[in-house]
Amino acid sequence: FILCLIVGETVGWTPLSETSLDYGTKRAGEASSVTVTFTPLNEDILKTDKMRLVLPGFTCGTPCANGVALNLPSDSPFAVASTWDEANTVLLVSLKSQLPANAQQTFEISSSEGLRLPRAGLRDDDLSLLLCTMAEFDTGQQCSIVVDSTAVGSFIMTDAANQLQDTTLVFFEESGTPAAKRLTSLQLKFYHHMTILQNEAVTVTMPKFWGANFVIFKTDFVATWNNRTFELALTASSDLTASFRDWSIALEVEFRTAADGVELNDARITVRTDAGAGPVLATPIVSTTAVAATLLSSRVTLAKASCSFNGFNWDCITAPPKAEESVEMRIDITLNAAMATGEVLNFLLPSFSGTTRAGIPIYSESIYSPDAPQAGQFLAAEHPYGCPTVAVCTALQHPGTAKLSTASWDLASTTLAFTASANVARGEALVLTVPLSAGVKVPVRGLRNFTSGFEATLGTLLSRDAWQIVVTSQMADGPLPEVPVSTATPVGSAADVALSFSLEVPEADVAMNLTLAPRMDLTVGDSLSLYLRLFGSDGDVTADVTTLPPGIFSRVSWSEEKKTMTLAVLKAVARGTEVVVKIPNMGITTPPAGVDNSPDIKFALVARDGAIPLTVVANQEYVPAVLIGTSLKYSASNGLGSSSIMVNFTASIDIPADTLFIYMFPGFSGEPRPWFAASAYLPTAMTEPYRGTKFTGDVPLLGWALGIWTTSPTGLPAPRLGSG
């Protein structure tokens, strides 16, 4: 056969290369920015030409009726004003200047213009997307295919005849009172417009649902519940072409909704897929059935909070809670059942500690209020609990004022049991405050932020996290199973905290290693601080740091005014991971008094999963003081008359010539005298430092004994070596 090629010129059309579209919001049916990139191939595009962008399935409607404004830099060759043809889904763009051949060009449509992606989504490198140039409007048949575009999946119903309904999640409950029901099965209905390949997943997120981790095998998918992320992953067992799906899962394990139930069409429950042919970002499921709440609301607030009486007012102090310390515990709770006098509401507090005791008074007010948090210290005309004296409050002798007015704490079962002293109506908001003097202590490991998920107790089907505070009751109006509280104050904790130095020398510029194993997760944006009150530098300074594991921190900042190092977390760290921060020499010197289990060396962590307030570093490498083994001896055997004084010490570093030693003798008396080489008389009311011995040669590193000489208190230098 004969193949004939006819090569000619097509007037008004310039071929394009490197054509691509990108979308700011990759959600089907939603307004998105659209960025168009292309390169004219071998020919200029004239100023009189126009760009024609064909976007099948895109919609805009009224917002685009008067045109679409492009988002452009001031020197862009494109005209800002463009027109949108809804019927033909075409955007027509004019030029302000010529586009040179083989030079890449870009223009953008802002999401604020209202141009919406197709409800059925977009395929990867969708061949229906076209871009062309023309000298005058024509049929648009000679356009370049957009060769690079992102896939956008969709679960949106666009054809009622075939798709039956929008995304729907139905919950089936066991019989019983609303507060006692558990879920027996789930049914998810959805239509996916793109193929879902084997091992790709459709994931339903159900915040604060609780149940043991499970894996259930079905014909089309494998259902996996992760009780830490609240995610139900439905992983395809084989390739699934676009179709309507109706998937049911029978639940044979303990599985319940969030304590506050599920609202009708609850927007908190979302669905997404990682399908490569068309990913769908997390989107609220359109239709969900309602499930009654077990608890209408629940919150536990922990604080260090106490009040003392200053003779005029109550002086109240609040501070963040710490692991292993007693706290004021405020519980805000609203039950979805009535409670009768004498019935008991139990709170299980895993790993909390404190001496077992009964008769704890419970108050309807707290010193620290989470809704109107006071400063660290405030004055009040009356004690928030109504106590008449500090002693009565501390001894737990002032009667409770809450409707559940007494509680007992049992260490063996870590249960705090509240007894109702009056009837409580369904839906009545309660405040139950356990005073700090009750001695209930936060766990050594701290208390995690519950919003991050739950963990099942190993080897059981219990759903609650081993860290989670749960409430339970056998109320006649509606028994409560073990229901996790919605929120609680996270409290951080860390193990094996240690600080070491490159030199065990006072007044030395040292590198440092800070080691700790946080018992809570660290996330990007959290921060670590190291407070070194007696260390010093010439000013603020920053430096690069290294860490093990690598990349957790990269920079450290030192504030000389605050005596604090600060580091920002750049990489997530799982709880229990030992972290080593290697801080280089940066001009920060050890104190003259050395380091010996100093209470002024502290660390703090600001973390979403649980903060650690300033806490003394438990393990500190020893650094001797400049002067060690200091002692005084007097010739007088009583407090009468004058006395010679013998000072003994050991210098831990070389002391150069002309170093001035300064001594302070508060309460001593005597006339000021000039330098003497024999007995000395101490000045009257000698409560300030005075000049002492001046050495004429270097002092070696050994014990030194010397007499004291004094002179008038003029020209005192700032102390440098410290007292040792």
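Structure first, text after, so check above.
Rules used throughout
Residues numbered from 1 in each chain as written. Predicted model: local features only at pLDDT ≥ 70, side-chain atom pairs only at ≥ 80, totals over all residues. Heavy atoms only, no water. Helix = DSSP H or I, 4+ residues; strand = E, 2+ residues; numbered from the N terminus. Buried < 20%, exposed > 50% of the residue type's maximum accessible area, 1.4 Å probe, protein only. Contact = heavy atoms within 4.5 Å. Pairing = 2+ DSSP bridges. Axes fitted to C-alpha atoms, helices over the stretch in contact; angles between N-to-C directions. Core = buried A, V, L, I, M, F, W, Y, C linked by side-chain atoms within 4.5 Å. Disulfide = S-S within 2.5 Å.

### Some details on the overall build of the protein chain
And step 1. Looking only at helices and strands, one finds two helices and 50 strands in the protein chain.
And step 2. Of all 724 residues assigned to the protein chain, the portion counted as buried reaches 47%.
And step 3. Counted over contacts in the protein chain with a minimum sequence separation of 6, partners at least 24 positions apart contribute 71%.

### Topic: the sheet that holds strand β20 (residues 270-273)
And step 1. Pairing is antiparallel in the open sheet, where six strands are placed in the order β15-β16-β17-β13-β20-β21. The sheet is open, and its two borders are formed by β15 (214-217) and β21 (280-284), each paired with just one other strand. If you compare each strand with its neighbour and ignore which way they point, the axes differ by 15° on average.
And step 2. Of the pairings in the sheet, the one linking strand β16 (residues 221-226) to strand β17 (residues 231-236) comprises six bridges and is antiparallel in character. Across the sheet, residue A223 finds its bridge partner in β17, namely L234.

### Quick look at the nonpolar core
Burial of nonpolar side chains together is a common tendency in soluble globular proteins.
And step 1. Counting residues in hydrophobic clusters, the biggest one holds 41 residues, and the most contacted among them are M329, I333, F347 and F418.
And step 2. At the level of elements, β23 (295-309), β25 (328-335), β26 (344-348), β29 (406-410), β30 (415-419), β31 (429-434) and β33 (480-484) are the ones that each hand at least two residues to this core.
And step 3. Considering each element in turn, this core owes the most residues, four residues, to β25.
And step 4. Among the nonpolar cores identified, the runner-up in size contains 38 residues, and F501, F553, M586 and A607 belong to it.

### Focus on the environment of S243
And step 1. Here S243 lies in strand β18 (residues 243-250).
And step 2. For S243, a relative accessible area of 24% gives the class partly exposed.
And step 3. As a C-alpha pair, S243 and I196 span 47 residues in sequence and 10.0 Å in three-dimensional space.
And step 4. With residues up to four places along the chain from it excluded, the contact list for S243 reads F190, Y191 and H192.

### Description of the state of the cysteines
And step 1. Enumeration over the complete set of coordinates arrives at four disulfides.
And step 2. Between the sulfur of C132 and that of C143 lies a disulfide, 2.4 Å long from S to S. Highlighted residues: C132 in strand β8 (residues 130-134) and C143 in the loop between β8 and β9 (144-145), separated in sequence by eleven residues.
And step 3. For C132, a relative accessible area of 0% translates into the label buried.
And step 4. When its relative accessible area of 14% is taken as the criterion, C143 is described as buried.
And step 5. Here C307 connects covalently by a disulfide to C316, the sulfurs 2.1 Å from one another. Across the S-S bond linking C307 and C316, the dihedral sits near 105°, which makes this disulfide right-handed. Across the pair, exposure class does not vary: C307 and C316 are buried alike.
And step 6. Take the cysteines of the protein chain that form disulfides and number them in order along the sequence; they join up as 1-2, 3-4, 5-6, 7-8.

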